[in-house]
Amino acid sequence: MARVTFPFGPQHPVLPEPVQLILTCEDEKVVEVKPRIGYMHRGIEKGCELNPYKHNVFLCERICGICSFIHAEAYCEVIEKAMGIEVPPRAKYLRVFWAELSRMHSHLLWLGLFADGFGLESLFMQCWRARELVLDVLELTSGHRVIQSTCVVGGVRKDLDPDQIRTVREMLKQFKELYTPIFQVFQHDRTIKSRTWGKGILPKDVAWQLGAVGPTIRGSGWAFDARMDGYAAYGELGFEPVVEEGCDSYARMMVRAREVWQSWELVNLVLDRLPAGEINVPVEDNPKGEAIHRAEQPRGEVIYYCRGDGSPNLKRLKVRTPSFANLPTLLVMLPGCELADVPVITLSIDPCIACTER
Amino acid sequence: MGVVLRNLFTGPVTRRYPFERRQYFDGSRGKLLFHPEYCEFCGECERACPTGAIELDTAWDTRRQDYSIVWLRRYDPFKCIFCGNCVEACPYGAIELAEEPAAPGYRKEISVDEIPNWQWTEWVAS
Ligand code: SF4
Ligand code: SF4
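Owing to the predicted nature of the structure, the values given are computational and were not obtained by experimental measurement.

## Here's the deal with the UniProt feature "domain: NADH-quinone oxidoreductase subunit D" (unreviewed entry) in chain A
All names here are of chain A. The feature "domain: NADH-quinone oxidoreductase subunit D" (unreviewed entry), as annotated in UniProt, sits at residues 119-281 and 286-358 in this numbering. The span residues 119-281 carries 58% helix and 2% strand; its end-to-end C-alpha distance comes to 49 Å. For residues 286-358, the end-to-end C-alpha separation is 25 Å, with 29% helix and 37% strand making up the annotated structure.

Shown next as structure tokens:
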């Protein structure tokens, strides 16, 4: 059988962002795959060394447009660790509030794109319609739909007033009505199962060896989630990760679909238990020493490392993003699959190239 | 079937954009408004801005003959990320974030505002 090698991407209708997969096929079967990255390098880590550290929050937020709040949160927490700042409890809860809303909108965006990937256009529209409501909540509470800019070193910048809390609760109820039928379609629809069930297998032990993170590893049966560390207010909220045992695209999809419910519950819980008090503490001096922080993004675990020497500029900021850890799993998932399944399997790890290359 | 009938008789879900505008929420971060009459040229906004979109500068006043200076504030809306830091930093309330977003621009124009220079005028008079 003749082998054909050809590029898949960087511009491809199913890929929201540029990554190239060099596929080698025998007939319709993929036998080899080589991912190539490097189309979106923006030099953000270097940029962070040139700015005063307080201004970096806004730059880190722009590493990724979808998980922007969690990037800002992780950056603030790593600086707070380095400087030994204790954040007020209300700020911790508000951070969870915005982080979980970001997760909801990111997962809904991905579920929509996934539905689009296997050709269910109207499901794509329905997912994004539900997402619009989450974006409205974000705009109502933070002032912006996607880039919240509400996190600062030492706490948060915006507070929720009782009126807003009432409106948000109302909107969350509407969201439940919208999302319930969508969730059932993802759970039970035969078409979706035929495109995802048993496709892109990532065995449990291989997932661990390759260092996969986030829904990719949780879809392979590992309860592995940075939120279990209890950073911000997760420790007090009692957090249990969502795990699926299927190891295939369907399992990864269900992890995300169920995590939307989990985030919905966490947001409601935050509104119930929001403690009173200050929302930030003044920060005067400069970071000295080094610190490392893990946070859970919609795509998996992000690691921030910073080193400062007492000047306003950081000496080094290093970000390890989740998609970078998840890309190697494609080398296991793709060989042996049909060519027509490549887009769906590639999407199932939710590749975020803007994060990967920063 | 029920869904089909329901969708047949309900209106569209989307907004008919040019005729129906979206209502902005209170506190949305839209465009930046500047009121030069309140500004004291203290420089807090320039220091707080993470992108360097605001620059304060002085220049000779070419309209007059007595070597007076004018205070200028240059604001580049294409650098601005509408974070609202300058609004929080300004002690005199001279900057404000409006709720509606800025209109798209045809050219990359930097807006230059002249700030009334009352200190200089008083100093010359005394
Ligand atoms: S809104 Fe932010 S970016 Fe824009 S001028 Fe003010 S401080 Fe600078
Ligand atoms: S706008 Fe406000 S912060 Fe900026 S120079 Fe004028 S008074 Fe100072």
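Having seen it, we continue.
## Overview of the packing of aromatic side chains
Residue and element names in this part refer to chain A. Overall, the coordinates contain 16 aromatic pairs over all chains when judged by the stated rule. On the basis of an interplanar angle of 15° and a centroid distance of 5.6 Å, the ring pair of F175 and Y179 is categorised as stacked. A residue pair is termed a helical-turn pair when its members lie 3 or 4 positions apart in one helix, as F175 and Y179 do in helix α6 (residues 162-188) at four residues. Judged by relative accessible area, F175 falls into the buried class, the value being 1%. Ring pairs connect the aromatic residues F175, Y179, F183, W261 and W264, which therefore count as one cluster. Positioned above the aromatic ring of W128, the side-chain terminus of R131 is 5.1 Å from the ring centre. The aromatic ring of Y234 is capped on one face by R227, whose charged end is 6.0 Å from the ring centroid.

## With respect to the confidence of the model for chain B
Residues and elements named next belong to chain B. With 84% of its residues at a pLDDT of 70 or more, chain B shows a mean pLDDT of 77. Mean pLDDT values over the elements of chain B span from 58, in helix α4 (residues 118-125), up to 86, in helix α3 (residues 85-89). With pTM at 0.85, the complex prediction returns an ipTM value of 0.72.

## Structural notes on the site of ligand 2
Looking at ligand 2, there are 14 residues lining it, with C39, C42, G43, C45 and C90 of chain B nearest. Tallied by class, residues from the shell around ligand 2 come to eleven nonpolar, one polar and two charged.

## Describing the interface of chain B and chain A
Accessible area lost upon the coming together of the parts serves often as the stated size of an interface. In this complex, chain B contributes 17 residues to the contact, which on the side of chain A involves 17 residues. When chain B packs against chain A, close to 1300 Å² is buried across both sides, 44% of that on carbon and sulfur atoms. Of the charged contacts in the structure, one is a salt bridge between E88 of chain B and R157 of chain A, with a shortest N-O distance of 3.2 Å. Every element with two or more residues in the side of chain B that touches chain A is listed here: α2 (44-48) and α3 of chain B. Looking at the side of chain B that touches chain A residue by residue, the class counts come to eight nonpolar, four polar and five charged.

Analysis parameters
- Residues numbered from 1 in each chain as written.
- Chains lettered and ligands numbered in written order.
- Predicted model: local features only at pLDDT ≥ 70, side-chain atom pairs only at ≥ 80, totals over all residues.
- Heavy atoms only, no water.
- UniProt positions renumbered as here; feature names shortened; annotations may be inferred.
- Helix = DSSP H or I, 4+ residues; strand = E, 2+ residues; numbered from the N terminus.
- Phe/Tyr/Trp six-rings, centres within 6.5 Å; stacked < 30°, edge-to-face > 60°.
- Buried < 20%, exposed > 50% of the residue type's maximum accessible area, 1.4 Å probe, protein only.
- Lys NZ or Arg CZ within 6 Å of the ring centre and 35° of its normal.
- pLDDT = per-residue confidence, 0-100.
- Near = heavy atom within 4 Å.
- Nonpolar A, V, L, I, M, F, W, Y, C, P; charged D, E, K, R; others polar.
- Contact = heavy atoms within 4.5 Å.
- Buried area = accessible area lost by both parts, 1.4 Å probe.
- Salt bridge = Lys/Arg side-chain N within 4 Å of Asp/Glu carboxyl O.

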